[in-house]
Each structure stands twice: as C-alpha cells, then as structure tokens.
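Residue-level structure breakdown
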Amino acid sequence: MVLQQKSIFLFVVAAALRLAVFYLFPHITSVLSEQAEIATPVSSYKRLLEGLFLYERGVSPYDGGVYHQAPLLLVVFEFLPPAAVFTLLDMLIAYNIATIAERLALPSPRFRKLDGGQLAIAYLFNPFTILSCLGHSTTAFTNAAITQAIASASTGDAFGTMFAAALGSYFSLYPALLLPPLILLWAQTKKVQLQLQSIVAPAAVFVGTLVLLLSVSALLVGNLWDVLISCYGAQITVTDLTPNIGLWWYFFIEIFDAFRNFFIGVFWIHLIGYVGALTIRLPEQPLFVISSLIGLITVFKPYPGISDVSLYLGLLPLYKHIMPLTRYTFVAASVLLYATLLGPAFYHIWIYAGSGNANFFYAITLVWSLGLSMLVGDSLFAVLRDEWEMLRPEMRGKDVRQI
Amino acid sequence: MGLLRSSLSNLRTSPRLLAVPPYISLLCMLGGIIWILLLPLDEYSRRTYISENALLPGQVHTYFHGTEQNIFRAYYHEVADVLEVQTKTAEDGSQQYMKATPAHRNERIRSIFHNSGIKTASQSYKYNVGGQELHGENVYGIVHAPRGDGTESIVIVAPIENFEKQLNTNGVTLLLTLARYFSRWSLWSKDIILLVTPDTSAGPQAWIDAYLSQHNPETVSSLTLKSGAIQGVIVIDYPFRHLFHELHISYDGINGQLPNLDLINTAISISSSQCGIPTLLQSQHRYAKPEHQHHYLNRLKVLGHGMRNQAIGHSTGAHSVFMPYHIDAITLTAIGQGREDEMAFGRVVESLTRSINNLLEKFHQSFFFYLLLQNTRFVSIGTYLPSAMAVGAGFTVMAIYLWLKSGYEQREQGKEQITKPTERDDGSQDKIERALADPNITNEQLLKQPSAGGVDRVKTKVWKSVDRHIALPAALLAILYLTSLVPMAILVTAEHETLLTRTGALCTVIIMVPVGLSFILADNTYLVDTNILFGPSTAAISANGVPKDLPEVGLITTDSSPPLDPSTRLTQFHAILKALSLLVLGLQITVLATLNFSLSMFLGVLCSPLAFTGYYPSSPLRARASLISIVLFNPFVITNFAIMGAKLAGYYDDSFGMKEVLRQWLEAVSFGWSVWGAWGVPVGVFCVWLPAWIVAAIGVMSSFIADEDGTIKNKVEKVKEDMKGGVQKVQKAAVRDSSQVRKRKK
C-alpha cells in the first residue's frame, strides 16, 4: 500500500471538497470554464459540450470548428457525470505521484526517502489543481496518462508505460515527446542495457495502442481525416488564436501570413529540441528530465493552461532534496504569484472593462512564463550542481567560479 | 571581476544588510504618499487635449434657441403639473396638496414624446435591498437616425429626482424639448434614446441591464424597444428654475471606472469655448476667481475628492451605472446663480450630441485611467500608478525581510569549546561589533580575528540557517482569509433594521479573535504538535532565495540545525505568519491598483502601519507602539474617525448622530453591493484590510501575553537555562513543558 492512513483521510477530504463545491455552487463550472487561464481551445469543457451536442445528434463533432479534442472524450462524457470524472482523475494523478515518489531512489547523498502521501496531498490541495478540476479542464486526462506512464515506468512495467504514453499522445500529442526519458526511466528501473531489441516490443505496444485508439476514433466520428485535421492539425498549426497563458497566440496574431508557417516550424523545433538536449545531458536522471520537460512544454506549447502547471508543480517536489541548491525560488514563486493574480485582473480590464488592451494580458503571460522558466532553469542548475558535487565531494558547499 | 563577485557575495550574507529593509519599506510608503502630493504641480500633470479627431468639438452651429424656448415653456407647465406638488384650494377654503401618481406622470411624458412623433416604451423594475422594496418605472423614446442603420445610439437621460434628491423638472423638460428638436433634424447617424428615470440609482441600472439583456426578468422587466450599441451617455441635471452660472461635470463610475477622457474634454471644451459657460469638477464650486482653480490646494482638493469617489466606487449620478458596461457617460449639472438659461444648457447638449454623432468608432483614443486636477489638467496612469505600486512594494519588502529573518537564528558559535558563557570577554565582543561596523574587514577576517589575537576564543554571534515551519502559519492565514468572507456576507445581506446591531456584534467578535488566537498560540505545544503532524520535511521550503548550502562564507554557516527551542519557534512562527500576510497584502494592493487605483492607495496607506507592527516580546517600547498603531488603524476606529471627519467637513448637519451616519453608510454599501455590484468597499475592508489587521493584532497581542502571562515567559527562561545543558536537554524540556501545560489544562 502506497498511502498511509493519514494520507487516505486527506485524499477523501480532497475529493469531498471538490464534490461539495460542485454540489453547493453548481454554476462555478460555467464561470471557471470561461477563464482563459483554465480553458484553452484544446482543453475547454464548453467546447467539449459543443462537440458532445453535435456528436449526440449524429453530426461530426468537428463541424463548426469549435471542438479540437480527442473523440474518445465524447464517449466518456456521454455516459459519466463530469464532476465525478474530474474528481477521480485528480485522485488518480495524485495516487500516481505518490507511487512515483515512493519508488524514487537517487544516489545523491542529499536524497532522503520521500513520503508519497505528502506529495500527493500537495498536488491535491494545490489551488491550480483545484481550480482546473472545478473548471473541468480536459488536460486532466493527459496529465493522468502522463503520470500513469511515469508510475508504470518506475515500477518497470513496459507495457503499462507505453500504453499510458500512447493514450496521452492520443489526447494531446505532446506526451509523445516524453518517450525517450520514459524509456530510460524504465530501463533504469529494470536495470537492463538499452539496445535496439529491448525497445522493439515497447515501441510496438506504443504504435499498436495509438493505431487502435485512432481506428476507434475513426469509427466513432466516421472519418479519420476529420479527426487528424481538426484535432491534431489544429494543435500543430495553431489555427485557434483564443487568448491563453501561453506565448503563441499573440505572436501568431501579429505575424504576417507569409511567415506564419516558418515560425510555427521554428516554435515547434525549439520545443522539441529540449527533449534531446535534456535526455542526453542527464541520462542518469530520467525522472528529472521528464518533469523538466513538462515544465518547459508548459511554457512553450501552443495552448497551455494552469492544469499543465499543476502537473509540473506536482512533480517538482520529487526533487525537493535539491531545494537548498536552488537560488531563485523565492523570486520565481513571487513572480508566479503576482502573475496569477494580475492575469485575471488584466484580462478583466481588457475584455470586460474595456479600459485596457490585449498588451496588458500578454505582458502578464510573458511574466508568468518567465517565472516558470526561472523555476525550470533554477532546478536544472541545482540538479547539475548536485551531480557535480557527487563527482567531486570535496567541493561540497564551496563557492564555484569559472576560471 | 572575481573580487567584485566575492565582495558581493559577502555583502549578501552580511548581518548589517538585514537591518536595512524596514527603512526601505518605510521609504517606499512615504515615497508613495509624497508622490500623490506632488501630482497637482504643473511638472507632473498635463494639459488635457482632444485625442479623437472625429469629435470636432464646437465645430458645428447650434440652433437650439428662439422658438424652441417657447416650446420649452409650454412643456414646462405640462411637466411641472405632474412632477411637482400641486397646491389646490378646496371649496371650503382649505389647502390641498396633490402629487400625480407615477403612472399618470409617465403617461404624460409618453404623450409628449408621442406628440413629437417619437416611439416610446416604458419599463418597470423592482429591487429588494435589505428588506426594503424599491420600485419604479422608466420611460424612454427613440429618435431613429435618418442616416443611420440603427446599429449605434446615443443616450440622453434626465432623472426626475437628481442625485441630491432634488426635483429635476427643468432637466426633464429640456430633455423633452430636445427630443422634439432632434427628431426634426436629418443629420443624425446614430439613434438618439431619450430616457426619463425616477431616480439616479436604481432606474438607470434597471434600464441599462435590460437594454443589454443582463437583467433578472423576475424583478426587472425587459425592454420592448431597443436600438444599437450605445456610444455615449449624457445626463441632464437642472434642478431649479432660475438661471444658472456654471456646469458641473460628474464622471465617476461604479467601482471607480472612468469614462474616456475625450468625452469629458469634449464637454468641457464645448461648454467653455463654444457656449461660454464655465465648468467645474468634483463638487468644487466655491472659487472666488476662476484662476483659483490653478492653485495647488484647490487642485489637490479636486484630486482628493475624485480619489474618494473612485475608492468608494458608488454611483455619483445617473451616468455611473453605464460605466461597468464600458459605455462612456457623464452628468452635466447646472449650478450657481448666473445668466445662463435652459437654452444655453440645451445648446451644450446639442453640440455634445453632434460631436458624439460624428464618432466613427467607440471612444478609445484617449485615456481610461486618469485623475483630473481641474477642468483642463489631468494626470495619466503612467504618472500616478507608481505611488500605489511603491506602497505595495513597501509591504513586499517587509515580507521578504521577515521571510529571510525567519530562516535564520542567531546562535553563539563555539559553545562547546568554551567552559562558561559568563566568562565572555566583553572587550572582545566590543571589538567584534566594531569590526562588524567597519566595512573594510571581511567576514572571514572577522571570524579569524579573535583567535588570531591569542585571547580567549570568543563567542561570536552567528547566523545559522534553520528550517522554516510554514504549514501552520500558512494554514492559519488561509483560514483567516476565508473566514473574513463571512462578516462581509453578513453585512451586505443584512436587513436594514438589523444593520447596526449586526455591525456591533461583528466588531466585538472580530476584536476578540486576535486576543483569543494569541492566547492559544502563546502555548508552544501547538507548534510542536503541528511539527509532528506535518513532519519536518516542510523544511523543503526553507532557504528560498538564500544560498543555504552554496557559498559557505562568513557569518552564515550551514550545519544542519538542531530542533528549535520553543521561544525561537514562537518567534519564527510570528515572523512567517507576518511575512506571508504582508506578501498577500502587497499582492492585493498591486492588483487592486490596476483595477481601482484610489481604493488600492487608500487601503495601502491605512494598512501601512501594520507592516511595522510585530511580535516584540523583548522590547516593551516597540510592543506598545505596535499596540497603539493596531488600535488606531483598524477598520472600526477609522470608520469612526471618518464619520467625525465627514460631520466636521459639513457633509452632515448636527441632526445626524454618529449612529445615524454609520447606518446610512452601511445601507449605502449594502445597496451598492446588491444593485450596482459595487464591490470596492466591502472587499477592500473585509478581504484586504481586516485579515491583515488580524494578523498584525495577533503578533502584537502575543508579545503582551507572553509578558503578562507568567507561565509562558518563565517557560522560555527555563528552556534557555536548559540550553546550556545541550541540545538534547532542550528537546526533553520542550516535551516536559508541553506535557506540563497539558496537565495544567486538565
């Protein structure tokens, strides 16, 4: 059993809190699911309801160009109550984080065995998590798949890892970028030497699951091309420029059409570039690579929401032993805190009060991204420093200067 | 370069640096206030100018005179007949007073509209505020634009009762005359909506809500006649019969939103240049000479009055309710005794309507964030915002300072090697203090110095980093912020009869909260218990932003710290609680500054003493100063001062007692909350000020309770003695103490 009794109690409290809010304030979802920070074009519950409406009447959910999410979600919400689904997903993610934390063992002398329950509770009571659950952000499905993949990888279950990764990629594409560190993590847990033969079977599982999911989707919608274009095409080519907390929408509103394709390519290459760089630089710490990648993807992907941030903040404490080595966490935390409050204020000034303009909101999303990248960069620095101190124990605690 | 870096990192860890932040914070706050006081100077304000070319203020001929005056007089009799109280001598010679019913009144107004060939409609509404029902009926007519497509409109409003509850007979008559006059013109490209409301507060609100279909159909009826998007609103207020001297322009909206500066500038320019009528702002109409407007103090008065209106965020006329929907609106009020007649007023409205009619797009060119100093000078957001930001930064600086302080503890180094602490050589201690004050001596030298001197190895005070136990203060703060919503909900939803008693009860409860909490907290066992509950791993948050392990320079050492003794633990708890509270306060002030600058500024100034109060168990002077400031700067005392101030300033005559004024204010807040959605004052007081005050009060009370209640102080003393026996004993003592306290409780 991963969880202690106290943690189970707090799990129940967290679930009860969510369900109580749903029950007591039934309108909260419709308010929150309009917030730009919670609902992006690819995770909005309102858009999902629109797709569901079309789907239930036998029309393709992608007609009308509002819905850009995976077709299987429609089946889920056709039958299940959304409040229960999103609460359960949060519980699943928290449980997965607890599993990952309990399994984690690092060679660093600073490392102490983690209490998985604590990390899970920290995730569950994170205001970002609660808000995105209340706002029904469908990113929760992706997050659950990612955490499931990491949890399976850290228990050495290749099939589970690949299945969950494929599911995540099916929901929102980018989890496929996490495959290299996931495979490394699995190999590290199983203590196998990575060779081409040992990857073939997992890769086959990944591809097979993906093919299976896509063919089911094609059956549901009736047209595979529709799914590929409206769901994944929209995510890759960023056709919907609804404001969100990411860096893309403003840029692609402003850009001249002639350069649009070029810069979409540049932005994606920039994002994908981190996968190779981090995986090659830190092959011994694949879990840190995964969590840093999630942080970077949250900053640089086209449609990020606070749900993505909550996953990153849920995984970051796995490396809390490097906290003493970080340098700017207070600054980063303050920046994030200010951006969190100023974001909705500026959005209000822009959209509702009309006394501000889009630059107000975009400026604060830049600050937000700055805060997040400071957090990622700082933790990366700390991990590198930790690694270096393991190589050269005599330098521990000494000031280092480049000569 | 290397030298610079090393001296910088030395500076970073210097204990002297820790003494600086409170002064920086004080400087920020004083700077913010002084900044505001500088704004009325010519160097910091700008002349107003028309930014939107399409407006062309005063470039058209006005034709509202001559025969229109006869029509005005005719209408006046018809309107006065139904608006004013009529005296009638009965057959037996007794006087009878009669007033037309609202239905009769509206029928008359509609028939006048109708005779001018204008489509009319009416709308009834009903609001229930604090157990009192408020109902009425709006009447309006629409002049369709001959050259327009009905997608845009201009609204002209005349409330029957103006903001001061005076009968606006002349205004309503002027509106009806203008309606007839406008409907004969062919040059309108925007529809003109002419609205007559019973009052300035609920009527316009019901109408604009229904116009934009944002109303509650159960209490506010829908509009049967609509036009396009409203580009501008002009409210006509002429509450007397005689000739007037000046036009007063009100512009403050609900929640401190302001109309586009172009609209105000256009009105001022038309009124003063084209029609030769002086204009005034913010109820300042006692200038002996026009040039007195330029005086510093008069400008400051206009600024202060404007900031007051903005901070309260209540309606200042019928125009206010349009602002939350991003519709620019102003009220023109005739004031003073002079030589201008209703035709001159009409020409101003005509010319202003023509200017708005010229607009190609909504008002957007000019400023939405500004503070006016007089009718031709303003301060823009870039100039005034830094003041609120500086005040907010003051809180944040104190928060960071307390946070850093809570992560360190002053310990005496070299304890193990030294036989008795009392044998400390005071001279060498002096030497160290002198060395500390000398910037030429580095920290490393300082550590070496005593031993190099060959004297007894000296105990130096060393800053040790300690784990921060953040869970309890964070949880307490979260609970305080959440529970502060309860009194807010109680007050804004209360029945008006129970308002005063509820406020009294709330005051008592709220003042008891910090006292009770500090008694509970003074008992260290709770702190120890939470440590068991949450585990020591909460220390993960420690040393944020501070190099805990990295450069081991100077006075900061990084040995893993033993558990804190209870008194340090209590000090740390208060420091963290205060740090978090100030961090949140700074954040709130900053965010509010972007939404409602004046509210944020007032709150910032009122909360500023709270930043410097704290838990000072060992310094009675500071503790007393803190006590005085929390007693003076709490919402209830300040409200009392404000009422006294308002009475002294002549806003209320002597027939109003303190309680009566307070009741009026509370009713206004409750009305504003439920009808206008004015959240500024309740949110500012209950979500920003009150939690910050309670946290400050907990700290201050605790320092007294630890003094007066002998048990706590003695315990700390005893633990200090035990410290000499070593760290293990300390732990035992803490456990023993806590069990003793438990027993005592039983």
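What you see is a predicted model, and the numbers here were worked out from it, not measured in a lab.

This part covers the overall build of chain B. Across its full length, chain B holds 24 helices and 16 strands. In chain B, buried positions account for 54% of the 746 residues. Across chain B, contacts joining residues at least 24 apart in sequence account for 81% of those joining residues at least 6 apart. Of the roughly 32900 Å² of accessible surface on chain B, 58% is carried by carbon and sulfur atoms.

As a further point, take empty space enclosed by the protein. All names here are of chain A. Inspection of the entire model under this criterion finds 10 cavities of 30 Å³ or more. What lines the largest cavity is a set of 21 residues, and nearest its centre among them are Val42, Ser172, Tyr174, Gln235 and Lys301. Those elements giving two or more residues to the lining of the largest cavity turn out to be helix 8 (139-154) and helix 9 (158-172). With 3 residues, the top contributor of residues to the lining of the largest cavity is helix 8. Within the lining of the largest cavity, the residues separate by chemical class into 10 nonpolar, 9 polar and 2 charged.

The next subject is the sheet that holds strand 11 (residues 329-340) of chain B. Residue and element names in this part refer to chain B. Reading across from one edge, 4-5-7-6-8-11-9-10 is the order of the 8 strands in this open sheet, with mixed pairing throughout. Since the sheet does not close on itself, it has two edges, and those belong to strand 4 (119-129) and strand 10 (279-281), each with one partner. Ignoring which end each strand starts from, the neighbouring axes of this sheet average 25 degrees apart. Pairing between strand 9 (residues 244-250) and strand 10: 3 bridges, direction parallel.

In this section: the side chain of B:Asp341. For B:Asp341, the location among the structural elements is in the loop between strand 11 and helix 9 (342-358). Of the buried charged residues, B:Asp341 lacks a salt bridge, with B:Arg347 as the closest side chain of opposite charge at 4.8 Å.

What follows is about the environment of A:Gln195. Residue and element names in this part refer to chain A. Structurally, Gln195 can be placed in the loop between helix 10 (179-190) and helix 11 (196-221). Relative accessible area serves as the criterion here: at 45%, Gln195 is assigned to the partly exposed category. Distance in space between the C-alpha atoms of Gln195 and Arg57 is 50 Å, their sequence separation being 138 residues.

Attention now moves to the sheet that holds strand 12 (residues 370-374) of chain B. Pairing between the strands of a sheet comes from backbone hydrogen bonds, and it takes one of two forms, parallel or antiparallel. All names here are of chain B. Taken together, 3 strands build an open sheet; the order of strands is 1-13-12 and the sheet is antiparallel. The sheet terminates laterally at strand 1 (46-47) and strand 12, the two strands that pair on one side only. Sheet topology note: the strand 1/strand 13 (residues 377-380) ladder contains 2 bridges and is antiparallel. Bridged to Arg47 within strand 13 is Arg377.

All names here are of chain A. The tally for this structure, following the rule as stated, stands at 17 salt bridges over all chains. The partner of Arg18 in a salt bridge is Asp90, with the nearest N and O atoms 2.9 Å apart. Residue Arg18 is located in helix 1 (residues 5-24), and its partner Asp90 is located in helix 5 (residues 82-103); the two are separated by 72 residues in the primary sequence. Note on Arg18: relative accessible area 1%, which makes it buried.

Right, let's get into unusual backbone geometry. A positive phi is found at A:Leu173, a non-glycine position, where the angle reads about 70 degrees. Of note, the phi angle at B:Leu56 is positive, near 40 degrees, even though the residue is not glycine. B:Leu56 gets classed as partly exposed once you look at its relative accessible area, which sits at 45%.

With 206 residues, the main nonpolar core has A:Ile150, A:Leu318, B:Phe395, B:Phe597 and B:Trp693 as its most contacted residues. Residue contributions to this core peak at 14 residues, all from helix 22 (residues 680-708) of chain B. Here A:Ile150 is in contact with A:Ile100, A:Leu182, A:Leu185, A:Leu287, A:Ile290 and A:Leu315, once residues within four sequence places are set aside. Core analysis: the next-biggest nonpolar cluster, separate from the first, contains 68 residues, B:Phe64, B:Ala179, B:Ile234 and B:Tyr251 among them.

Residue and element names in this part refer to chain B. Relative to strand 5 (residues 132-143), strand 4 runs antiparallel, the two being bridged by 11 bridges. When the bridges of strand 5 are listed, Lys126 appears paired with His135. The turn linking strand 4 back onto strand 5 is made up of 2 residues, and Gly130 within it adopts a positive phi angle of 55 degrees. The pairing of strand 5 with strand 7 (residues 191-197) spans 5 bridges and is classified as antiparallel. Within the sheet, the bridge partner assigned to Val143 lies in strand 7 and is Ile192.

Time to look at a nonpolar patch on the surface. Residue and element names in this part refer to chain B. On the surface, Leu26, Leu30, Ile33, Ile34, Leu37, Leu38, Tyr44, Tyr296, Leu297 and Val605 cluster together to form a nonpolar patch covering roughly 820 Å² of accessible area. Secondary-structure elements contributing two or more residues to the nonpolar patch are helix 2 (21-38) and helix 8 (296-312). The element that contributes the greatest number of residues to the nonpolar patch is helix 2, accounting for 6 residues. Mapped onto the secondary structure, Leu26 falls in helix 2. According to the relative accessible area criterion, Leu26 is partly exposed, its value standing at 38%.

A word on helix 3 (residues 45-56) of chain A. Residues and elements named next belong to chain A. Taking 1.5 Å of rise per residue, 12 residues should cover 16 Å, and helix 3 covers 16 Å from first to last C-alpha, within 8% of that figure. Buried residues of helix 3: Tyr45, Arg47, Leu48, Gly51, Leu52, Leu54 and Tyr55, and no others. Looking at the buried residues of helix 3, the elements they touch are helix 2 (28-32), helix 4 (72-79), helix 5 and helix 11. Capping the start of helix 3 is the job of one residue whose side-chain oxygen sits 3.2 Å from the backbone nitrogen of Lys46: Ser44.

Reading the values: the criteria
- Residues numbered from 1 in each chain as written.
- Chains lettered and ligands numbered in written order.
- Predicted model: local features only at pLDDT ≥ 70, side-chain atom pairs only at ≥ 80, totals over all residues.
- Heavy atoms only, no water.
- Helix = DSSP H or I, 4+ residues; strand = E, 2+ residues; numbered from the N terminus.
- Buried < 20%, exposed > 50% of the residue type's maximum accessible area, 1.4 Å probe, protein only.
- Contact = heavy atoms within 4.5 Å.
- Areas by Shrake-Rupley, 256 points an atom, 1.4 Å probe, with all protein chains shown as cover.
- 1 Å grid on protein atoms, 1.4 Å probe; cavity = no way out; pocket = protein on both sides within 12 Å on 5 of 7 lines; lining within 4 Å.
- Points joined across faces, edges and corners; volume = space filled by probe spheres on them.
- Nonpolar A, V, L, I, M, F, W, Y, C, P; charged D, E, K, R; others polar.
- Pairing = 2+ DSSP bridges.
- Axes fitted to C-alpha atoms, helices over the stretch in contact; angles between N-to-C directions.
- Lys, Arg positive; Asp, Glu negative; His and termini not counted.
- Salt bridge = Lys/Arg side-chain N within 4 Å of Asp/Glu carboxyl O.
- Core = buried A, V, L, I, M, F, W, Y, C linked by side-chain atoms within 4.5 Å.
- Patch = residues over 30% accessible without salt bridge, like charges linked within 9 Å, V, L, I, M, F, W, Y side chains within 5 Å.
- Expected span 1.5 Å × (residues − 1).
- Polar contact = N/O pair within 3.5 Å; in protein donor to acceptor, adjacent residues only side chain to side chain.

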